[in-house]
Amino acid sequence: MSQFPFAKRDYEFQKYVDCHNWIGGQWVPSTSGKTIDVVNPRHGQVMGTVSWSGSEDVAKAVEAARAALPGWKATPWKERVQVLFRVKQIMEENLDELSWLLSHENGKTIAQACGSVLKGIECVEFGTSLPNMAGGDQLDVSRGINCKVTHEPEGICAGIVPFNFPTMVPLWMLPQALVSGNVFVLKPSEQVPYGSMRLAEIFKEAGLPDGVLNIVNGGKESVEALCDHPEIRALAFVGSTRVAKLVYERSAKTGKKVLALGGAKNHLVVVPDAEPELTASTVVASAYGCAGQRCMAAAVMIAVGDVDHIVEKMVEKANTMELGQDMGSVINPESASRIEGYINDAEKRGAKILVDGRGAKVNGHEGSWVGPTIIDNVTPDMPAGYEEIFGPVLSIIRVKTLDEAIKVENGNPYGNAAAIFTTNGGVARYATDRFQAGMCGVNIGVPVPREPFAFGGWNHSKFGAGDVTGNDGFRFWTRPRKVTQRWEMATDATWMS
Ligand code: NAD
């Protein structure tokens, strides 16, 4: 399918191509010619380079997008959606290749890489249903007078995405934005540019006209140029809270519509009547899936009363995980030492390390590793109790009552996800009614709402209105036009005349 198929089908190191910007359907180097290395995190070896862009490159991408807008916008919905049907088919046919590439650039295990590509495909699948939503409402509001709503594209849009889901997060945005008639500039994470590179090729193969999707690679400079560009009308960001706030404020100054999803510190509350096996395995899977580098990962387990029988099972499960097979690497050495710093600090403050992932190694794979870690007796005022660690570390905070647990959860400034583990419906309802989190779970460790429900947190986990996927994504990338019309040329006056 592509000029650049990724050949490797195992974890051994493979060098790959250099990644440039995708502008007007061509791969072009950045104006400065500067590149940075892309490092395979499992091996700590350079697999290729990626262009480093600035405002001139963003200007070129916007120019290509502007040229493509009239034709794409004028293409009927039912034709635009055909591209997504073909994207879905091409992705399914190449699932293996896309998953291995993702595993190599990001460090995920192949199972978890595959899961995230499949989730990306699900987002494309949802996009194929959007023409059904796009049929607007209409009503005769007075004699001979009709109001209708149409959903118009915003025009030139942009998306900025993080390192942890190189294929999936761009697909949180592209299906809704493109099928609605927008043109797009995507800024992938400089640490994992290949997922987006392959998506550009797939969309082209699926028939997307040149210039409708453009990619500008790089970091801070290219992001700032996207925020500042006056022609970009809508911009979505997914990444850390620190950068989400910067992007939100900077973009809003130009009057664009902006939605910025930030970091997380997710609390899973476990009460004594929780089903032990389901709870232990679900909490462990949530904490260590994707090496804890998920904005929906369990970061804190709040143990209400005596749940030691569940903690013991969790320790057992964490200890039997094989690093490199059941759990992948973290993204880079700085991340590994930051994560270990939190464990060291918690230990110094008196917390107890039940499972210790520090200094973990995988033979023959000299990359960035931290093993599964459980820290007991963490308190909410320890950094491990309130800051986002973004690694395979689960902090246990002990409390006596459900109300205390809810107070701890509510006291954290983030608000992405929270879950309750119980066999009592009343307890579940009590907790989910009170959590300060946009995505709540009952006996679910990663409560990601699947389409048509939309994804997004509260408080410091999201800046801007609406959510990013599902129906809300469609609303974000479109604007409603209201048309009030009269075609009966009657002369009797109404309040509207
Ligand atoms: P990040 O904020 O460092 O980077 C995200 C994007 O911003 C990247 O494209 C990066 O190039 C750019 N960027 C980095 N520093 C910048 C700066 N100073 N100015 C402008 N742009 C800058 O995030 P990351 O490390 O790639 O990803 C991990 C973070 O993303 C975690 O905090 C995680 O919780 C969050 N995340 C949130 C969600 C969500 O839905 N809320 C989903 C995935 C990841």
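Summary of the structure given here. (Residues numbered from 1 in each chain as written. Predicted model: local features only at pLDDT ≥ 70, side-chain atom pairs only at ≥ 80, totals over all residues. Heavy atoms only, no water.)

## A look at the packing of helix 6 (residues 168-179) against helix 7 (residues 194-205)
Step number 1: Interaxial distance between helix 6 and helix 7 falls to 12 Å at its minimum, and their mutual angle equals 25 degrees. The angle between helix 6 and helix 7 places the two elements in the roughly parallel class. Every pair of crossing elements has a handedness; the one defined by helix 6 and helix 7 is right-handed. When helix 6 is examined against helix 7, the residues P170, L171, L174 and L178 are found in contact with a partner set consisting of S196, L199 and F203.
Step number 2: A class-by-class count of the residues in the contact of helix 6 with helix 7 yields six nonpolar, one polar and no charged. (Axes fitted to C-alpha atoms, helices over the stretch in contact; angles between N-to-C directions. Helix = DSSP H or I, 4+ residues; strand = E, 2+ residues; numbered from the N terminus. Parallel < 35°, antiparallel > 145°, perpendicular 65-115°, else oblique. Left-handed = near helix turned anticlockwise from the far one by under 90°. Contact = heavy atoms within 4.5 Å. Nonpolar A, V, L, I, M, F, W, Y, C, P; charged D, E, K, R; others polar.)

## Quick word on the site of the ligand
Step number 1: For the ligand, the set of nearby residues contains 29 residues, the closest of which are K187, E190, S240, G262 and E388.
Step number 2: One nitrogen or oxygen atom from the side chain of S240 is found 2.6 Å from an oxygen atom belonging to the ligand.
Step number 3: In the complex, 89% of the free accessible area of the ligand, which totals 840 Å², lies under the protein chains.
Step number 4: Those elements giving two or more residues to the shell around the ligand turn out to be helix 8 (220-228), strand 10 (232-238) and helix 9 (241-252).
Step number 5: Looking at side-chain class alone, the shell around the ligand contains 15 nonpolar, nine polar and five charged residues.
Step number 6: Formed jointly, the shell around the ligand draws a minimum of three residues from each of two domains, domain 1 (21-262 + 461-481) and domain 2 (266-442). (Near = heavy atom within 4 Å. Polar contact = N/O pair within 3.5 Å; in protein donor to acceptor, adjacent residues only side chain to side chain. Areas by Shrake-Rupley, 256 points an atom, 1.4 Å probe, with all protein chains shown as cover. Domains from an automatic or database assignment.)

## Focus: helix 6
Step number 1: The terminal C-alpha atoms of helix 6 lie 17 Å apart, and with twelve residues this matches the ideal 16 Å at 1.5 Å per residue to within 8%.
Step number 2: Within helix 6, twelve of the twelve residues are buried, which leaves it mostly tucked inside the rest of the structure.
Step number 3: Where helix 6 ends, the next residue or the one after it, G181, has phi of about 100 degrees, a positive value. (Expected span 1.5 Å × (residues − 1). Buried < 20%, exposed > 50% of the residue type's maximum accessible area, 1.4 Å probe, protein only.)

## Observations regarding helix 2 (residues 77-93)
Step number 1: With 17 residues, helix 2 ought to run about 24 Å at 1.5 Å a step, and its terminal C-alpha atoms sit 25 Å apart, in line with that.
Step number 2: Of the positions making up helix 2, those classed as buried are R80, V81, V83, L84, V87, I90 and M91.
Step number 3: Buried residues belonging to helix 2 abut helix 1 (55-74), helix 3 (95-106), helix 4 (110-128), helix 5 (130-134), helix 6 and helix 7.

## Concerning the side chain of R42
Step number 1: Mapped onto the fold, R42 is located in the loop between strand 3 (35-40) and strand 4 (45-51).
Step number 2: A distance of 3.0 Å separates polar atoms of two side chains, one belonging to R42 and the other to H365.
Step number 3: In this view, R42 contacts Y11, G324, S329, H365, E366, G367 and W369; residues no more than four positions away in its chain are not counted.

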